[in-house]
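Close look at the chain arrangement
If you want the building blocks of each chain, they are given just below.
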Amino acid sequence: MTEPVNNRLRVELSQLVGENGILHDDQDNLYGVDDLLPKAVTLPDSVGEIRDVLNYAADNKLSVIPAGSGTKLGIGNPPERVDLVVSTLGLNEVLEYEPGDLTATVQSGVRLADLQAKLAENGQCLPFDPPYLNRATLGGIVAANSSGPSSLYYGNSRNRVLGMQLVQSNGAAVKCGGKVVKNVAGYDLNKLYIGSFGTLGIITEITFKLNPLPEVERTMLITFKSVTQASRAAIEIADSQLLPIFLNLIVGGAPSVDIVDPCLVIGIDGHHETVDWQMNQIRAAANLNDATGVEVKDGAYQRDVRTSMSAFPESNPQMVVCKAHLRMTDVEKFITAALDQCSDLLDLRVLGLIGNGVVYFAFSVPSADTASAKFASIVIAELRNHARNVGGNLIVESAPTSIKRHVDVWGEIGSSLKLMQQIKARLDPLNLFCPGRFVSGI
């Protein structure tokens, strides 16, 4: 009897990464991509093993999906095929940490929560607050450029990454940037790979710029009767001398609190005097814009609020999450138009990162049948049209596969598509990584 292909594949891969470097087949569903299960999931624990796996994949014409813990696998178009998933969870060491220099070099499979615990021992942190805080790996955060709401003040991965190492589809290990803050020689190739969603290589090592932990953390919840009032107050705060850590608008229910009206959730961190002064200024701006309530949270309660807010894009299998990129001054117009158009059709939840010009919309579909998928695709088209009308764009960050079959999750790319195709062809000529998942099927 001929040995099953998957069994033979696992045996051959185990010769490259060891038996412990192959996930048990009953756990492969943890790394499914849009209803497609991989033929095998490997967990190499060195750059050499990753190189060997990629060479094997190239020789056998197998596609490769890079992953960490799998929290970002729902982003993107359905892939053409899912042969191998290469998880970086085996690369889980902090390689260098210099508290005096406020830098740390880590392997890409290190979980953010584990690094934060280590940094906190020296009163420092990496100021990211992405979804799936306890599971997200640093490689996944960087590959998806998913830094969280606090990027308003602290910056995102593009501002925090000093250098990285990755393995390309030909097995070559490439280094970009360096391990010091003042490193300006040549092109900043880090930015090429940040937000590339694993389509250009597998990130194996990252050097970050760190921050001291704030002395005080406070979270303000300010409610209004209308989205317009809340947005006007938010823009006044953003245009002032105040420096909130995040400045978010929640419509359809604030996280971890019993608030249903439009609500600004504002983070203020720093020294006691500075935090007190900023909160007083924010109260004044809120009152001038007819706020109906102002609450200040601290301690464990405010941490729950922040965690829930960061987790907004987390979805169940029937949840659709759309992400629009806009000018800050267009956020209110976009949200209002979208709510007017869609609120009678479904129950929309909205999270607007006002200062960042980002708006998330989330809604559930009743089932995975064709009618529900077509209905959801109509809603997405309407939201995309509203974003386009104010000069923005909208992607579908997560959705059931049945809906993805009816829409292009990335939308129109425009004149940059040709350049992106050229970069993909140059860095991944075999189209080994994530075939079909990225924009326009790249």
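Residues numbered from 1 in each chain as written. Predicted model: local features only at pLDDT ≥ 70, side-chain atom pairs only at ≥ 80, totals over all residues. Heavy atoms only, no water.

Thoughts on the overall build of the protein chain
Rule in force here: Numbering of helices and strands runs from the N terminus; a helix is a DSSP stretch of H or I covering at least four residues, while a strand is a stretch of E covering at least two. The globule rule is 2.2 Å times the number of residues to the power 0.38, and the radius of gyration it is compared with is taken over C-alpha atoms. Any pair of residues with heavy atoms lying within 4.5 Å of one another is described as a contacting pair. Calculation of accessible area relied on Shrake-Rupley with a 1.4 Å probe; when residues are assessed, cover is drawn exclusively from the protein chains displayed. Asp and Glu are treated as the negative residues and Lys and Arg as the positive ones, with His and the ends of the chain left uncounted. The atom standing in for a charge is NZ when the residue is Lys, CZ when it is Arg, CG when it is Asp and CD when it is Glu.
Within the protein chain, the regular secondary structure consists of 14 helices and 18 strands. In summary, the protein chain has a C-alpha radius of gyration of 22 Å against a globular reference of 22 Å for 442 residues, a match within 12%. Along the first, second and third principal axes, the C-alpha atoms of the protein chain reach 75 × 60 × 40 Å. Sequence separation of at least 24 residues holds for 71% of the intrachain contacts in the protein chain that already meet a minimum separation of 6. For the protein chain, the computed accessible surface area is about 19,300 Å², with 48% contributed by carbon and sulfur atoms. Each charge class in the protein chain can be summarised by its mean position, and for the 37 positive and 48 negative side chains these summaries are 6 Å apart.

Some details on the side chain of S150
With respect to the secondary-structure elements, S150 resides in the loop between helix 4 (138–144) and helix 5 (151–154). Sequence-distant contacts of S150, that is, excluding residues within four places in its chain, are made with P127, D129, G155, I245 and F246.

Some details on the confidence of the model for the protein chain
Which entries qualify depends on this criterion: The score called pLDDT rates the predictor's confidence residue by residue, from a low of 0 to a high of 100.
When the pLDDT values of the protein chain are averaged, the result is 90; 95% of them are 70 or greater. Predicted confidence in the protein chain is weakest over helix 11 (residues 331–342), with a mean pLDDT of 84, and strongest over strand 6 (residues 124–125), with 98.

As for helix 10 (residues 299–310)
Selection criterion: Between the first and last residue of a helix there are one fewer steps than residues, each counted as 1.5 Å, and that sum is the expected span. Categorising residues by exposure relies on relative accessible area from a 1.4 Å probe, with only protein chains included: less than 20% of the type maximum marks a residue as buried, more than 50% marks it as exposed, and the intermediate range marks it as partly exposed. Note that the arc is computed from the directions linking the helix axis to the C-beta atoms.
Taking 1.5 Å of rise per residue, the 12 residues of helix 10 would be expected to cover 16 Å, and the 17 Å separating its terminal C-alpha atoms lies within 8% of that figure. Every buried residue of helix 10 is accounted for by Q302, V305, R306, M309 and S310. Here the buried residues of helix 10 occupy an arc of 130 degrees about the axis, which is enough to place them on one side. Where helix 10 is buried, its residues touch strand 11 (216–223), strand 12 (246–251), strand 13 (263–270), strand 14 (293–297) and strand 16 (349–353).

Overview of the sheet that holds strand 3 (residues 84–87)
Cut-off, in case you're wondering: DSSP bridges decide pairing: two strands pair if at least two such bridges lie between them. All axes are obtained by fitting lines to C-alpha atoms, using only the stretch in contact for helices, and the reported angles, taken between N-to-C directions, cover 0 to 180 degrees.
One open sheet holds the 3 strands; their spatial order is 1-3-2, and the pairing between them is parallel. Since the sheet does not close on itself, it has two edges, and those belong to strand 1 (40–42) and strand 2 (64–67), each with one partner. Going from strand to strand, the sheet's axes swing by 25 degrees on average, the running direction of each strand aside. Bridge analysis of strand 1 against strand 3 gives 3 bridges, and the strand direction is parallel. The partner of T42 across the bridge, within strand 3, is V86. Where helix 2 (residues 47–59) meets the sheet, it contacts strand 1, strand 2 and strand 3, and its direction lies at approximately 170 degrees from that of strand 3.

Remarks on the packing of helix 8 (residues 227–238) against helix 11
The line we're drawing: Any angle from 65 to 115 degrees is called roughly perpendicular, while one under 35 is roughly parallel, one over 145 is roughly antiparallel, and all others are oblique. Handedness of a crossing follows from how the near helix is turned relative to the far one, being left-handed for an anticlockwise turn of less than a right angle and right-handed for a clockwise one. Basically, the charged four are Asp, Glu, Lys and Arg, the nonpolar ten are Ala, Val, Leu, Ile, Met, Phe, Trp, Tyr, Cys and Pro, and anything else, Gly included, counts as polar.
As a packed pair, helix 8 and helix 11 sit with axes 10 Å apart at the nearest point and diverge in direction by 165 degrees. Taken together, the axes of helix 8 and helix 11 are roughly antiparallel relative to one another. In this structure, helix 8 meets helix 11 at a crossing whose hand is right-handed. Within the contact between the two elements, helix 8 uses V227, T228 and S231 and helix 11 uses E332, I335, T336 and L339. Class assignment of the residues belonging to the contact of helix 8 with helix 11 gives a composition of 3 nonpolar, 3 polar and 1 charged.

A word on the domain arrangement of the protein chain
Spelled out, the test is: Domain borders in the structure are assigned automatically or taken from a domain database.
Looking at the protein chain, the domain boundaries give domain 1 (2–87), domain 2 (94–212), domain 3 (216–311) and domain 4 (319–404). The C-alpha centroid of domain 4 is placed 29 Å from the C-alpha centroid of domain 2.

A closer look at the environment of E96
Here E96 lies in strand 4 (residues 94–98). Residue classification places E96 among the partly exposed residues on the basis of a relative accessible area of 37%. Distance from E96 to G18, taken between C-alpha atoms, is 27 Å for residues 78 residues apart in sequence. Setting aside chain neighbours within four positions, we find E96 in contact with T103, A104, T105 and K179.

Thoughts on the pairing of strand 8 (residues 173–177)
Sheet analysis places strand 7 (residues 161–167) next to strand 8, joined by 5 bridges and oriented antiparallel. Opposite Q165, over in strand 8, you have K175 as the bridge partner. Between strand 7 and the antiparallel strand that follows it, strand 8, lie 5 residues; G171 among them carries a positive phi value of about 90 degrees.

Some remarks on the sheet that holds strand 12
Pairing in this open sheet of 8 strands is antiparallel, and the strands run 14-11-13-12-16-17-15-18 from one edge to the other. A strand with exactly one partner marks an edge of an open sheet, and here the two such strands are strand 14 and strand 18 (393–398). On average, adjacent strands in this sheet sit at an angle of 20 degrees to one another, irrespective of strand direction. On the sheet, helix 11 packs against strand 12, strand 15 (319–325), strand 16, strand 17 (358–364) and strand 18 and is oriented at approximately 15 degrees with respect to strand 17. Where helix 12 (residues 370–389) meets the sheet, it contacts strand 15, strand 17 and strand 18, and its direction lies at approximately 145 degrees from that of strand 18.

A word on the side chain of R384
Test applied: For this document, the term salt bridge refers to a Lys or Arg side-chain nitrogen within 4 Å of an Asp or Glu carboxyl oxygen.
As for its position among the elements, R384 is in helix 12. Of the side chains with opposite charge, D408 comes closest to the buried, unpaired R384, at an N-O distance of 6.0 Å.

Some details on the state of the cysteines
Applicable threshold: Cysteine sulfurs are considered disulfide-paired once they come within 2.5 Å of each other.
Scanning the entire structure with this criterion turns up 0 disulfides. Summary of cysteine pairing: C176 is not part of a disulfide, and the nearest cysteine sulfur, belonging to C434, is at 18 Å.

With respect to the packing of helix 11 against helix 12
Here helix 11 crosses helix 12 at 150 degrees, and the two axes come no closer than 9 Å. Here helix 11 is positioned roughly antiparallel relative to helix 12, judged by the angle of their axes. Crossing hand, helix 11 versus helix 12: right-handed. For the pair helix 11 and helix 12, the contacting residues are F334, A337, A338, Q341 and C342 in the first and V379, E382, L383, H386 and A387 in the second. A class-by-class count of the residues in the contact of helix 11 with helix 12 yields 7 nonpolar, 2 polar and 1 charged.

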